[in-house]
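Fold and contact review
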Amino acid sequence: LSSSLELICKNAFSHCPHLVSVFVPHDSSVIVKDRAFESCDRLCYIQLARESSFAKDSFKDCLPGLADHVIHRFDSHPIHKLCYYASTTTTEEELRQAIANHQSLTPVPPVQDQFGMTPFHVLLSSPTPRQDLLLVLLEYYPPSILDLKTQLSCEEEREVEVFLSKSNID
């Protein structure tokens, strides 16, 4: 959606069965009115500025707890959060530091957030995925983590393959 967007009106996207993601550039604070996304059963990825506000029923009849999950999605996933905001604020050094801190607590591959997404998913689903940050993730995590055929749709697999081929990454 446009960076000049300030308001998502009541019922603006209600009952859109094919809506799966919404992206508004981070420099644009948005007010989301009642039932703006009512009954959008497949909606699972929303990227809005942190200052955006939501009406109580903005996500009525969507995935259970979607509003809470969206608002608090990255509270316990700092690496995901840096990947999510990668298009505007994340530096390579910040990502390296967050991964190092996380690995000192739990030296395992990246965990999934409540939507089943790893930091790779979050980074690659950005409208402007950054190759430099993907390379940082690949420094710490095995490339095999990208082989998540059971978790990725065919379309997502193609997107990953195209991105990796453009980036000359094996």
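This write-up is about the structure you can find in this document. (Residues numbered from 1 in each chain as written. Predicted model: local features only at pLDDT ≥ 70, side-chain atom pairs only at ≥ 80, totals over all residues. Heavy atoms only, no water.)

A word on the sheet that holds strand 5 (residues 53–54)
Neighbouring strands of a sheet are bound in pairs by backbone hydrogen bonds; such pairs are parallel or else antiparallel. One open sheet holds the three strands; their spatial order is 1-3-5, and the pairing between them is parallel. Edge positions in the open sheet fall to strand 1 (7–8) and strand 5, since each of these has one partner strand only. Relative to strand 3 (residues 31–32), strand 1 runs parallel, the two being bridged by two bridges. Paired with I8 across the bridge in strand 3 is V32. (Pairing = 2+ DSSP bridges. Helix = DSSP H or I, 4+ residues; strand = E, 2+ residues; numbered from the N terminus.)

Things to note about the side chain of E38
Within the secondary structure layout, E38 lies in the loop between strand 3 and strand 4 (45–47). Of the side chains with opposite charge, R35 comes closest to the buried, unpaired E38, at an N-O distance of 4.2 Å. Here E38 is in contact with N11, F13, S14, H15, S58, K60 and D61, once residues within four sequence places are set aside. (Buried < 20%, exposed > 50% of the residue type's maximum accessible area, 1.4 Å probe, protein only. Lys, Arg positive; Asp, Glu negative; His and termini not counted. Salt bridge = Lys/Arg side-chain N within 4 Å of Asp/Glu carboxyl O. Contact = heavy atoms within 4.5 Å.)

Regarding the pattern of salt bridges
All chains considered together, the criterion is met by four salt bridges. Residues R130 and D132 are paired through a salt bridge, measuring 2.7 Å at the closest nitrogen-oxygen approach. By relative accessible area, which is 24% here, D132 ends up partly exposed. Here the salt bridges do not stand alone but share partners, grouping E92, R96 and E139 into one network.

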